[in-house]
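Examination of the molecular architecture
Take a look at the letters that make up each chain.
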There are 2 protein chains.
Amino acid sequence: MKATLAEAFNQTSYRLSGHTPRNLEVLKQALNQVDGERASDMYGKGEIIEDFQDKLADFLGKEAAVFFPSGTMAQQIALRIWADEKQVKRVAYHPLSHLEIHEEDGLKELHHLETILLADENRVIELEDVTGLDKEIACLLLELPQREIGGQLPSYETLEAISEYCRKQGIRLHLDGARLLEILPYYRKSAAEIGALFDSVYISMYKGLGGVAGAILAGEASFTEKSKVWKRRHGGDLISLYPYILSADYYFEKHKDKMDQYYQDAVQLAEQFNRCPYISTVPEIPVSNMFHVYLAKGKEAAESLLASIYEEGGIGLTSYVKEKNEQACYFEVSIGEGYHSIPKPEIKKTFELLGKKISDQEENEYCG
Amino acid sequence: MKATLAEAFNQTSYRLSGHTPRNLEVLKQALNQVDGERASDMYGKGEIIEDFQDKLADFLGKEAAVFFPSGTMAQQIALRIWADEKQVKRVAYHPLSHLEIHEEDGLKELHHLETILLADENRVIELEDVTGLDKEIACLLLELPQREIGGQLPSYETLEAISEYCRKQGIRLHLDGARLLEILPYYRKSAAEIGALFDSVYISMYKGLGGVAGAILAGEASFTEKSKVWKRRHGGDLISLYPYILSADYYFEKHKDKMDQYYQDAVQLAEQFNRCPYISTVPEIPVSNMFHVYLAKGKEAAESLLASIYEEGGIGLTSYVKEKNEQACYFEVSIGEGYHSIPKPEIKKTFELLGKKISDQEENEYCG
């Protein structure tokens, strides 16, 4: 019986995306050097949590920061605070925002906020989407990069213009910066410079950064203090968050200065994909460490093609593909430490196999 | 300058309550033997989380169980599910329930449930409180033991009668069993036998059990499946919960069979406290591993008294006292592994000091 794509992927020696595999070693390594005598944080208090929050507040150029178990919790709370402040229970974001498609409608079910979806499933939010709003909103959420469309970004000038417009209109601007560090090389800005355009900023501690879980929400102290009350209401004010905080700190230090390399790797790798027939990337030229790879094939054909490549080569390109339509499917690539551990000849071999097998499947075209 | 109570407590070599100190060693020890190659749980899926959930479901005699980051999250969700089921947005619990006093009104602010407070601040809920309800409720929450009044319990017959009444009336019965294992020796029942009286059961993985954080919510699969949706909405469906799950499992195995010893220790220790003048315990005879110690002293006098005992003896009785009124204050004792590590002569010495110093402060009475 032929292996499924996920099974074949699990047998590969190398992975295109991510850092090391998500196994228990990730936590164990982060804890190796810590002093067992150090006291746990206790319900949001204590050196471990307060020091890390202060450090990330500085990094993001904000007055204060709060560590949350998840971005889902942090972002709903940010939007709720801004909605309460303005007494307008309406916010706006992209149709493929994490809040819209991955959170079981928590924002609506728990916070009863109405949402306006800006732009569409193929592009990012532009200034005109915001100036064209015909209803009052309390807050606009921008996700940078827009993950579900391959990590696309607006121009920096657009960001500045949206920020200025929102301030004039009394609209709070929230940054879904789950992958904020990953876009700094493209914009050539610091996290604090981008953060200055926003009233509140969320970053994930595990996506590009590689921690175990957790998130940071930053803003003025009057905002973060309110967020702590909501964190308790959500059940996120755990007696001990240190397993996530210590690993967040460890991998933040380990990976934060490597984002430029990941970005350059992504640009170079997308170019290789784009040289293959029936394959294109979105964006064509990445603007962060990530992009989506589109195959002009049906889902089953694509899965079978990829599985056979994994069996002959040693690199897992993806564990899944998502159907776009009957003639196209795609997967995400997100560069981290893992890519660097792959010997260059292995990469070459995989792209040769990819070209050859697509050609075999279709019309004897070749890429490599 | 004299040390504050908390400062004096921090200098003590032994602590009356709890297991080992809440430091990073608690997690490190739990991880020592785990295989770093084991895969993380992923958003509620995977062997680590599923196996532990199955084990705790069996232990609690329920069809299914879900691991939550916190009891705050788990219990709000349980009540919400029962309220939605019956389309009655009203539940009942004790006035000193965790939900009423420690959760910033999350149940009301996030779930918009109305609450009816049963019994009063000096006693547990009895059958008559439930049969006397004059409004319809979807769910009754019983906290066993009732922590904020020293861990008191209703009789087992009362529990059975309340359970039977609720079933007949179509009222769901939820167990706040944060400290469920701690009451099994008194009732001489298994967790499953007590669980059978309830529609849904929550237990804490860190209170008496000594894990890092986390909670289990158990019930029928139709209930737990709904709870997973709400867990995601709350932001509790983390990519990785394994730091809490592995430590919960480790300390569950380490402490679950010691509850009878902790209970007997508590009974014996309360007796010693009750022999001291100006001191009494609630309950007078503990029914679990915990009780409250009341001092017939003002808060400042009590703090000064205790601090001076810590400085001469080596045992920290408590890091804080709470004011009951101008002439009385109290603190909680909760027996775990820590108590066993205290040499008996040290305990004798501390009670001698306690008796002597109370007498010095007042009327030359003596306990010991």
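Residues numbered from 1 in each chain as written. Chains lettered and ligands numbered in written order. Predicted model: local features only at pLDDT ≥ 70, side-chain atom pairs only at ≥ 80, totals over all residues. Heavy atoms only, no water.

As recorded in an unreviewed UniProt entry, chain A goes by L-threonine aldolase and comes from Sediminibacillus halophilus. Here chain A is described in UniProt, under the heading Cofactor (unreviewed entry), as follows: "pyridoxal 5'-phosphate". Quoted verbatim from the Sequence similarities (unreviewed entry) heading of the UniProt record, the comment on chain A is "Belongs to the threonine aldolase family." (UniProt positions renumbered as here; feature names shortened; annotations may be inferred.)

So, on to the pattern of salt bridges. Residues and elements named next belong to chain A. Here the structure, examined in full by the defined rule, presents 52 salt bridges over all chains. Note that Arg38 is salt-bridged to Glu47, the shortest N-O span being 3.4 Å. Residue classification places Glu47 among the exposed residues on the basis of a relative accessible area of 53%. Of the charged contacts, one joins Asp84 and Arg80 as a salt bridge, the two residues approaching to 3.1 Å between their closest N and O atoms. Placement of the pair is Asp84 and Arg80 together in helix α4 (residues 71–86), with a separation of 4 residues, close to one helical turn. Since its relative accessible area comes to 29%, Asp84 is described here as partly exposed. Taking the relative accessible area as the measure of exposure, Arg80 reaches 7% and is therefore buried. One continuous salt-bridge network, built from bridges that share partners, spans Lys55, Asp249, Glu253, Lys256 and Asp257. (Salt bridge = Lys/Arg side-chain N within 4 Å of Asp/Glu carboxyl O. Buried < 20%, exposed > 50% of the residue type's maximum accessible area, 1.4 Å probe, protein only. Helix = DSSP H or I, 4+ residues; strand = E, 2+ residues; numbered from the N terminus.)

The next thing to look at is the environment of Phe68 of chain A. Residue and element names in this part refer to chain A. Its place among the elements puts Phe68 in strand β2 (residues 64–68). Separated by 134 residues in sequence, Phe68 and Tyr202 have C-alpha atoms that sit 9.8 Å apart. Other than its neighbours up to four places away in sequence, Phe68 contacts Met73, Ala74, Ile77, Gly214, Ala215, Leu217, Ser227 and Lys231. (Contact = heavy atoms within 4.5 Å.)

A few words now on the interface of chain A and chain B. In this complex, chain A contributes 51 residues to the contact, which on the side of chain B involves 51 residues. Between chain A and chain B, roughly 4100 Å² of surface is buried when both sides are summed, and carbon and sulfur atoms account for 61% of that area. Counting the surface chain A buries against chain B, the share from its top three residues, Leu24, Leu110 and Arg233 of chain A, is 18%. Run the count over chain A and chain B and you get 0 salt bridges. Scanning the region where chain A abuts chain B turns up 30 residue pairs in polar contact (both at pLDDT 80 or more). The set of elements that each furnish at least two residues to the side of chain A that touches chain B consists of α2 (25–31), α4, α6 (106–111), α11 (221–234) and α12 (242–255) of chain A. Classifying every residue of the side of chain A that touches chain B gives 24 nonpolar, 14 polar and 13 charged. (Buried area = accessible area lost by both parts, 1.4 Å probe. Polar contact = N/O pair within 3.5 Å; in protein donor to acceptor, adjacent residues only side chain to side chain. Nonpolar A, V, L, I, M, F, W, Y, C, P; charged D, E, K, R; others polar.)

Looking now at the packing of helix α14 (residues 299–312) of chain A against helix α16 (residues 344–361) of chain A. Residue and element names in this part refer to chain A. Taken N-terminus to C-terminus, the directions of α14 and α16 make an angle of 140°; their axes are 10 Å apart at the nearest point. Relative to α16, the element α14 is oriented oblique. Seen from above, α14 lies across α16 with right-handed handedness. Each of Ala301, Leu305, Ser308, Ile309 and Glu312 in α14 lies in contact with α16, whose residues at this interface are Lys349, Thr350, Leu353, Leu354, Lys357, Ile358 and Gln361. (Axes fitted to C-alpha atoms, helices over the stretch in contact; angles between N-to-C directions. Parallel < 35°, antiparallel > 145°, perpendicular 65-115°, else oblique. Left-handed = near helix turned anticlockwise from the far one by under 90°.)

So, about the sheet that holds strand β9 (residues 279–282) of chain A. Sheets are built from strands paired through backbone hydrogen bonds, the pairs being either parallel or antiparallel. Residue and element names in this part refer to chain A. Taken together, 4 strands build an open sheet; the order of strands is β9-β10-β13-β12 and the sheet is antiparallel. Looking at which strands have only one partner, the edges of the open sheet turn out to be β9 and β12 (322–325). With strand direction ignored, the average angle separating the axes of adjacent strands in the sheet is 35°. (Pairing = 2+ DSSP bridges.)

Before going further, it helps to examine the relation of the copies chain A and chain B. Note that the two copies of the chain are related through a rotation about an axis and a translation along the same axis. For the pair chain A and chain B, the best superposition has an RMSD of 0.0 Å and corresponds to a rotation of 180° with a translation of 0.0 Å parallel to the axis. Taken together, these values place the two copies in the relation of a two-fold axis. By C-alpha distance to the rotation axis, the residue of chain A lying nearest is Leu110 of chain A, at 2.5 Å. Comparing interface residues between copies, 100% of those in chain A also lie at the interface in chain B; the contact surface is shared. (Least-squares fit on C-alpha atoms with pLDDT ≥ 70 in both.)

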